[in-house]
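Per-entry structural report
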Amino acid sequence: MNYIDTHTHIDGEEFKDDLDLVIQRAKDAGALKLFVPGINVGSIETIKAVCTEYLDFCYPMLGLHPEDVKEDWQEQLATLQPSTFNLQPSPIAIGEIGLDFYWSREFEKEQLLAFEQQVEWAIEAGLPLMIHCRKAQNEMVKILRKYEGRLHGGVFHCFTGNEHEAEELLAFDGFCLGIGGVLTFKKSNLPQTLANAVPLERIVLETDAPYMAPVPHRGERNESSLIPYIIYRLAEVYGKTPDEIADITTENVKRTFPLAFSK
């Protein structure tokens with residue numbers, strides 16, 4: 001059984017002491033590729049280091065995370081703008097970008113502006129989007145609809161919403177929902193939502209490591225080797241075998257992130 005983790009912050013401090021072991025465990029568990037999202041200017045170098053060290057296994061993205069949108073957001077975007085520097089390996093997507101009003105709306109205006117600017121980057125570069133959205137779906141959808149027909153697809157990361165929210169997001173062609181450890185939580189409504197409203201062909205797998213480890217590792221550091229727990233739960237939800245889930249979601253990734261398979 002092989003799979004792809006489309007969202008892991010493996011460049012973070014949480015992995016600095018045992019990164020080789022984490023990578024090996026992922027490979028041993030069946031991981032074919034890991035996608036590493038950018039979150040700010042500081043992550044440029046850490047992501048570059050990881051994706052160079054593990055070339056053709058770890059793949060970079062480029063973006064300014066909404067929680068990193070502060071007073072200096074314009075300066076950060078000026079540095080991150082794809083046309084201003086050459087990151088090697090080349091980014092396979094613009095992300096992790098989006099809107100997050102869960103804790104505060106202090107920088108709401110700035111988040112909206114930063115998100116829209118990065119959506120425009122993706123259109124210009126012909127890249128998919130890796131979108132983070134928390135307590136802001138209405139605002140996010142409003143912006144994306146302005147560019148409908150010009151977007152190059154992507155992922156709505158860490159989807160945990162209801163059926164209506166799923167249907168609204170899947171109305172955007174070329175986009176998948178990123179499904180992670182929350183699917184395995186005891187009180188999660190996600191299994192029912194997926195079964196009722198989300199075709200398996202619109203799902204990709206993710207960890208968001210080091211966060212949100214699946215049961216039975218909830219509360220521990222998450223890592224890509226734990227994705228099989230998500231696969232097994234999806235197999236129950238969709239009445240498929242784990243191998244079928246792995247194969248279908250991998251094909252979904254290939255369709256959504258073509259640059260990661262261009263060689």
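You'll find the structure just up there.
Calculation notes
Residues numbered from 1 in each chain as written. Predicted model: local features only at pLDDT ≥ 70, side-chain atom pairs only at ≥ 80, totals over all residues. Heavy atoms only, no water. Helix = DSSP H or I, 4+ residues; strand = E, 2+ residues; numbered from the N terminus. Polar contact = N/O pair within 3.5 Å; in protein donor to acceptor, adjacent residues only side chain to side chain. Contact = heavy atoms within 4.5 Å. Patch = residues over 30% accessible without salt bridge, like charges linked within 9 Å, V, L, I, M, F, W, Y side chains within 5 Å. Areas by Shrake-Rupley, 256 points an atom, 1.4 Å probe, with all protein chains shown as cover. Salt bridge = Lys/Arg side-chain N within 4 Å of Asp/Glu carboxyl O. Lys, Arg positive; Asp, Glu negative; His and termini not counted. Charge placed at Lys NZ, Arg CZ, Asp CG, Glu CD. Buried < 20%, exposed > 50% of the residue type's maximum accessible area, 1.4 Å probe, protein only. Arc of directions from axis to C-beta.

**A closer look at the side chain of Gln-76**
Relative to the elements of secondary structure, Gln-76 occurs in helix H3 (residues 73-80). A polar contact of 2.9 Å, which involves the side chain of Gln-76, links it to the backbone nitrogen of Val-41. Contacts of Gln-76, omitting those with residues within four sequence positions, involve Asn-40, Val-41, Leu-64 and Asp-68.

**A short note on a negative patch on the surface**
A contiguous patch of negative charge on the surface is contributed by Glu-71, Asp-72, Glu-75 and Glu-106. Note that Glu-75 resides in helix H3.

**Remarks on a nonpolar patch on the surface**
Side chains of Met-1, Tyr-229 and Tyr-232 sit close together on the surface and give an oily, nonpolar patch of about 260 Å² of accessible area. Here Tyr-229 lies in helix H8 (residues 227-238). Since its relative accessible area comes to 31%, Tyr-229 is described here as partly exposed.

**Observations regarding helix H2 (residues 43-53)**
Taken together, the buried positions of H2 are occupied by Ser-43, Ile-44, Ile-47, Val-50 and Cys-51. Buried residues in H2, looked at end-on, bunch into an arc of 140 degrees, giving them a common side. Looking at H2, the residues exposed on the side facing more than 90 degrees away from the buried face are Glu-45 and Glu-53. Looking at the packing, one finds that the buried side of H2 touches helix H1 (19-29), strand S2 (31-36), strand S3 (58-60) and H3.

These figures capture arrangement, not role.
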